[in-house]
Amino acid sequence: MLRDVLRAEIGKGLRIQLAHPAGHVITLLISTMMYLGLQFVLGQGALREDLLPQTLVAIGGYWFLQYAGLVMVADLIEDKRAGTFAQSQLTTAPPWLPMLGRLISASVFGLAVATVAALVPMLVAGIAIPLRWAALLPAALLGVNVLAFTFLLASLALVSPVIGALQSLFTALVLLLNGSFLPLALYPDWLAVLARVLPTTLGTEALTQTLFEGRTVGELWNGGTLPWLLAHTLALTACAGLLFARNHRRALESS
Amino acid sequence: MIEIEALTKVYGPARAPAVDEVSLYVPRGSVFGFLGPNGAGKTTTIKMLAGLITPDSGRVRLGGYDVARQRSAAMAQFGAVLEGSRNVYWSLSAWQNLMYFGRLKGLRKAQVAERAEDLLTDLGLWERRDDKVGGFSRGMQQKVAIAAALIAGPPIVLLDEPTLGLDVEATRTVKNWIVEQARELGTTILLTTHQLDVAQELCDRVAVMRQGRLVADLPTRELLARFRERDRYEIRVEGAAPPGFDAVARDGVTTISVRVSDPIEVYEVVERLRAHGAVIESLTQVQPGLEDVFVSLLNEPSHAA
């Protein structure tokens, strides 16, 4: 029964998004052009091949977070405005399950944009990213980290009238600091600490360490990157869960 | 059946009750009208029934399941069309909406598909099942919303203003459907409406709310009988009315309104009319409509339910 509800929610989310494909196409175009344009400007008229692979991983993380969050929040706001949010809660399933379905469908679009945003520069600029088994765990944790943050935004979107501004603020900070412009190793220490508080940064760091420095999962653990990434993800999930529990009832009462 | 016990909801720092100690019982297979002016607390009550608003005190049971304590089972007991909202997704087709809402109630895909076909056919939407609901007329959208509320075959349906904004034909379709659901399938229907003629036509029983409290809860006939104006009569006579009578003429027939303090006085009026040579066609005691009752109830300082 729960599986049916989850499937229904994911299917609905995908269909609603695919009903208006123009927005997704525009985002795909922007995502592919923006990264190379940024790197070209930062390289003062040239692409710096030593910086491209690491920053490309980071921009992939950024686009996953940016677009999954955008789809999720926009979907919720539209649902609340139209009145369908209340109807979608008249389910035999627990209230968090439809939210999980929304999160999964939003993440499909986030992941699609992130993949295209990474693949096109790889093809255009000939950027090579080695594939290693050790990178699977950090990549998965990076994904969960992004979803936890998206869930947090969604929990805020249930009641906050300024969620659009908050989302823009957070995603702008992530773009600036998660390593999409420059690798984290080039930041001053204080800025690197600040950057690691933001979602995707620790995941990107762990991923680049395995992909480009050849570190194993054990080495990531001993070096502290993996425990911090895990703690960060758990903290985000806990905050999102608490906010959802607090805001869900209020959202229904005002819907 | 729907059971509501001392349901209360207060809002704001002033703790003003939006719904105040409301108790109701709606038996299986009946059509129950929930009436009241704007802000009376009808929608808040409906939302508490649907589990969307948590009451401050009191209890709601749907089909025997407590909405607060047995949420999942209670949710399977009803479908709802809520007022002032779209109820269904405009960017999805009628078919996709029904499939979604059916599975949201925990039904399997094949079960939902079978029922969706029946409902869309019954409501005359089968040919347009794959069209987006956003392109439908208001009446068709409301039909899809009603079908979505019914898709899981719930024993209870909550309808908040189901005919609001509909044209005559769509209103008739919805009214016929409500009667069919209750009479033939035994569905319990609770509806709110400002269209009192609709309530009078459909409802077995009506409750009237004012400022969060119930001011009446009676079978429709009994409520109308209670407010029957025992002192007012209408006498229809051929041609013009004799002088000294309060009359309205239309199509060659004149209707004379008479107010008496004792029913025996009616005979005296009839004798006076005959003395003037009037030919009496009919004599009837004035029957109030639900609208008259509603206005009377709302204007009374207080009225025991």
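Treat the numbers as computed from the prediction; the structure is a model and nothing was measured.

A. Summary view of the overall build of chain B. The helix and strand tally for chain B stands at 10 helices and 14 strands. When its C-alpha atoms are laid out on the principal axes, chain B stretches across 75 × 50 × 35 Å. Within chain B, the proportion of its 305 residues that are buried is 50%. Expressed as a percentage of contacts within chain B between residues at least 6 apart in sequence, the contacts between residues at least 24 apart total 67%. Total accessible area computed for chain B in this model is approximately 14300 Å², and 47% of it derives from carbon and sulfur atoms. A gap of 8 Å separates the mean positions of the 36 positive and 39 negative side-chain charges of chain B.

B. Highlighting the packing of helix α9 (residues 201–212) of chain A against helix α11 (residues 225–254) of chain A. Residues and elements named next belong to chain A. Interhelical geometry of α9 versus α11 gives an angle of 150° and a closest axis separation of 9 Å. Classed by the angle they form, the pair α9 and α11 counts as roughly antiparallel. α9 and α11 meet at a crossing whose hand is left-handed. Only T225, W228, L229 and H232 of α11 make contact with α9, whose side of the interface consists of L202, G203, E205, A206 and Q209. The residue makeup of the contact of α9 with α11, split by class, is 4 nonpolar, 4 polar and 1 charged.

C. Region of the structure containing the pairing of strand β11 (residues 232–238) of chain B. Residue and element names in this part refer to chain B. Because side chains alternate across β11, one face comprises the buried residues Y233, I235 and V237, and the other comprises R232, E234, R236 and E238, none of which is buried. Note: β11 against strand β14 (residues 280–285), 5 bridges, orientation antiparallel. Among the inter-strand pairings, I235 is bridged to a residue of β14, identified as L283.

D. Examining unusual backbone geometry more closely. Residue and element names in this part refer to chain B. In this structure, E161 is a non-glycine residue whose phi angle is positive, near 55°. Along the polypeptide, E161 turns up in the loop between β7 (156–160) and α6 (168–185). On the basis of relative accessible area, E161 is assigned to the buried category, the value being 5%.

E. Quick peek at the environment of L49 of chain B. All names here are of chain B. Within the secondary structure, L49 is located in helix α1 (residues 42–49). Relative accessible area serves as the criterion here: at 1%, L49 is assigned to the buried category. Between the C-alpha atom of L49 and that of Q141, which follows or precedes it by 92 residues, the distance is 24 Å. For L49, the residues in contact, after removing those within four places along its chain, are I2, I4, V60, L62, V67, L158 and L190.

F. Examining the sheet that holds strand β4 (residues 57–62) of chain B more closely. All names here are of chain B. Spatially, β2-β1-β4-β5 is the arrangement adopted by the 4 strands of the open sheet, whose pairing is antiparallel. What marks the edges here is a single partner per strand, and that holds for β2 (16–26) and β5 (65–66). Judged from the 2 bridges that link them, β4 and β5 form a sheet pairing that is antiparallel. Directly across from L62, in β5, lies its bridge partner Y65. Sheet contacts for α1: β1 (2–11), β2 and β4; angle to β1, the most-contacted strand, approximately 120°.

G. Spotlight on a negative patch on the surface. Residues and elements named next belong to chain B. A surface patch of negative charge is lined by E114, E117, D118, D122, E180 and E184. Of all the secondary structure elements, the ones that give two or more residues to the negative patch are α4 (109–122) and α6. Looking at the negative patch element by element, the count peaks at 4 residues for α4. Along the polypeptide, E180 turns up in helix α6.

Rules behind the numbers
Residues numbered from 1 in each chain as written. Chains lettered and ligands numbered in written order. Predicted model: local features only at pLDDT ≥ 70, side-chain atom pairs only at ≥ 80, totals over all residues. Heavy atoms only, no water. Helix = DSSP H or I, 4+ residues; strand = E, 2+ residues; numbered from the N terminus. Buried < 20%, exposed > 50% of the residue type's maximum accessible area, 1.4 Å probe, protein only. Contact = heavy atoms within 4.5 Å. Areas by Shrake-Rupley, 256 points an atom, 1.4 Å probe, with all protein chains shown as cover. Lys, Arg positive; Asp, Glu negative; His and termini not counted. Charge placed at Lys NZ, Arg CZ, Asp CG, Glu CD. Axes fitted to C-alpha atoms, helices over the stretch in contact; angles between N-to-C directions. Parallel < 35°, antiparallel > 145°, perpendicular 65-115°, else oblique. Left-handed = near helix turned anticlockwise from the far one by under 90°. Nonpolar A, V, L, I, M, F, W, Y, C, P; charged D, E, K, R; others polar. Pairing = 2+ DSSP bridges. Patch = residues over 30% accessible without salt bridge, like charges linked within 9 Å, V, L, I, M, F, W, Y side chains within 5 Å. Salt bridge = Lys/Arg side-chain N within 4 Å of Asp/Glu carboxyl O.

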